[in-house]
Amino acid sequence: MNLPAARPHAPKPSIIRGFRCLVQGLRHARGTPGLKGAYGHYALALVVVSLVLGALFVLGAQHGVEWLSNRYATHLPDDESLRHVLDVLAIVIATLLALVLAPVTGLFVVGAAFPLLGERLFYAGLRHMHPARADLLKPAPSDGLVRSLALGGRRFARVLAYQVLGFCLSFIPGVGIVLGPLISIGGSGWIVGWEMLDPYLSRLSLPIHQQRAVAKAYRRHLIGFGAPAVVIMSVPLLGPLFFPLIQVAAARLVEQIFPTDMGACALVGAPVPPALQASSPT
């Protein structure tokens, strides 16, 4: 029988708590048993994909700015020096946003193409902290390919929207230079934090709208966890090498915001999957 469960006490969503989950998770990630093999495969795939996408996005951003400058030349100031400064500023901002977008896109591509790599890392981290829970969750049925691709597509669309919004806001005089990157990184951080929960949420048999509701309910936690991760990933070459440890650290995030699997289902009014009812951790 599918029984809805009362939601147990969980910490109030907080950016600071999300950041602490990242720090605490990374502190223990390197000592996680079974990390080595999964880390190497995931890091290699992510580095290769991120480098290719990074080169394409940076070139695209620079050519896009050049096209816009030529297309709307009549609307720009007549002063050549000022126009040059604006062109350089636009190229710098577009390049920085491309460097943020490339590894995040690479994360979605690798996650969709090789979902087992991320799952191996996440469940290695969860088993290190809570073996019984990891042994219960990992064999449970996960999202099918169609749902995974649909979720990945929606997440990517949201990331892209935040990048475009951040780019536009960057041109607001005075505050734009801070507001634009803040929106870009904060929005992308929320989506990346949501992506890091995928190996867990996929085991709860939640439809897409309920998974989105979970991500919205803990948006602050996910931003606190994901925004620093996005900054780390944006470092060329080194960032993607570091990211597999962040996927391991995501197990600490799940332990923090969902002390029990019953509570995660109750958050959106969903029944507990039969595979998790018999011995769901309490």
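This text follows the structure it describes.
Owing to the predicted nature of the structure, the values given are computational and were not obtained by experimental measurement. (Residues numbered from 1 in each chain as written. Predicted model: local features only at pLDDT ≥ 70, side-chain atom pairs only at ≥ 80, totals over all residues. Heavy atoms only, no water.)

## Digging into unusual backbone geometry
Link 1 in the chain: Backbone geometry places serine 205, a non-glycine residue, at a positive phi of 60°.
Link 2 in the chain: Checked against the element boundaries, serine 205 lands in the loop between helix 8 (198–201) and helix 9 (208–217).
Link 3 in the chain: Here serine 205 falls in the partly exposed class, since its relative accessible area comes to 47%. (Helix = DSSP H or I, 4+ residues; strand = E, 2+ residues; numbered from the N terminus. Buried < 20%, exposed > 50% of the residue type's maximum accessible area, 1.4 Å probe, protein only.)

## Brief notes about the side chain of serine 184
Link 1 in the chain: Relative to the helices and strands, serine 184 is located in helix 7 (residues 176–196).
Link 2 in the chain: For serine 184, a relative accessible area of 1% translates into the label buried.
Link 3 in the chain: A polar contact of 2.7 Å, which involves the side chain of serine 184, links it to the side chain of glutamine 163.
Link 4 in the chain: When residues no more than four places from it in sequence are discounted, the contact partners of serine 184 are Leu97, Val100, Tyr162, Gln163 and Gly166. (Polar contact = N/O pair within 3.5 Å; in protein donor to acceptor, adjacent residues only side chain to side chain. Contact = heavy atoms within 4.5 Å.)

## Details of helix 6 (residues 145–169)
Link 1 in the chain: Here helix 6 contains 25 residues, and its C-alpha end-to-end distance of 36 Å stays within 8% of the 36 Å for a straight helix at 1.5 Å per residue.
Link 2 in the chain: Among the residues of helix 6, those classed as buried are Leu151, Gly152, Arg155, Val159, Gln163, Gly166, Phe167 and Leu169. (Expected span 1.5 Å × (residues − 1).)

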